[in-house]
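An overview of the molecular structure
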Amino acid sequence: MAKKSKTQKAKASAARQQRKANRELEEQNPTSVAEATEEKKGGLFKKGSEDKSASSNDTAKSSKKDDKPKKKKRFQFFRDVKSEMKRVTWPTRTDVLRWSGVVVVALLFFGIFVALLDNVIITPLLVFISGIGA
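Because the structure is a prediction, the values reported are computed rather than measured.

Examining the overall build of the chain
The helix and strand inventory of the chain stands at five helices and zero strands. From first element to last, N terminus to C terminus, the chain shows the α and β order α-α-α-α-α. Across the 134 residues in the chain, those meeting the buried criterion constitute 2%. Surface exposure of the chain reaches about 13200 Å², of which carbon and sulfur atoms provide 62%.

Encoded structure:
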């Protein structure tokens with residue numbers, strides 16, 4: 001199992017603290033917490049008269065933005081790769097050495113297994129079969 005990065009640990013800790021705070025608030029005022037969560041959800045799924053006027057202004061602004069040509073973002077791929085590589089959880093030196101040892105031992109085992117299978121079982125069997133036919 002891979003170790004969690006600092007960012008993942010921080011996000012998990014923040015989520016735990018948020019859940020704890022929500023539980024404490026719910027114990028104090030069960031109705032106000034329910035109303036607060038409904039308001040948050042309502043803002044995402046329902047459009048009121050205020051949202052409609054704001055969305056009409058947004059469409060006017062977006063049409064003005066569309067008139068200007070979009071700039072090409074050169075080397076964006078490389079910036080994205082760099083940011084993703086910072087998020088990678090890299091194995092420790094001992095993990096790399098341990099798993100490299102496992103791979104080498106497995107290669108040796110299967111190499112010896114195939115050599116024995118070929119020289120001790122398959123080759124004598126083929127010699128025996130070819131001697132019968134001649």
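Quick look at the pattern of salt bridges
The tally for this structure, following the rule as stated, stands at two salt bridges. For Glu84, the salt bridge goes to Arg87, with nearest N and O atoms at 3.0 Å. With Glu84 and Arg87 both in helix α4 (residues 76-87), this residue pair falls three residues apart, about one helical turn. Residue Glu84 is classed as partly exposed on the basis of its relative accessible area of 43%. For Arg98, the salt bridge is made with Asp95, and the minimal N-O distance between the two is 3.5 Å. Of the two residues, Arg98 and Asp95 both sit in helix α5 (residues 93-133), three residues apart, roughly one turn of that helix. Assessed through its relative accessible area of 52%, Arg98 is described here as exposed. Of the residues examined, Asp95 reaches a relative accessible area of 23% and is grouped as partly exposed.

Definitions and limits used
- Residues numbered from 1 in each chain as written.
- Predicted model: local features only at pLDDT ≥ 70, side-chain atom pairs only at ≥ 80, totals over all residues.
- Heavy atoms only, no water.
- Helix = DSSP H or I, 4+ residues; strand = E, 2+ residues; numbered from the N terminus.
- Buried < 20%, exposed > 50% of the residue type's maximum accessible area, 1.4 Å probe, protein only.
- Areas by Shrake-Rupley, 256 points an atom, 1.4 Å probe, with all protein chains shown as cover.
- Salt bridge = Lys/Arg side-chain N within 4 Å of Asp/Glu carboxyl O.

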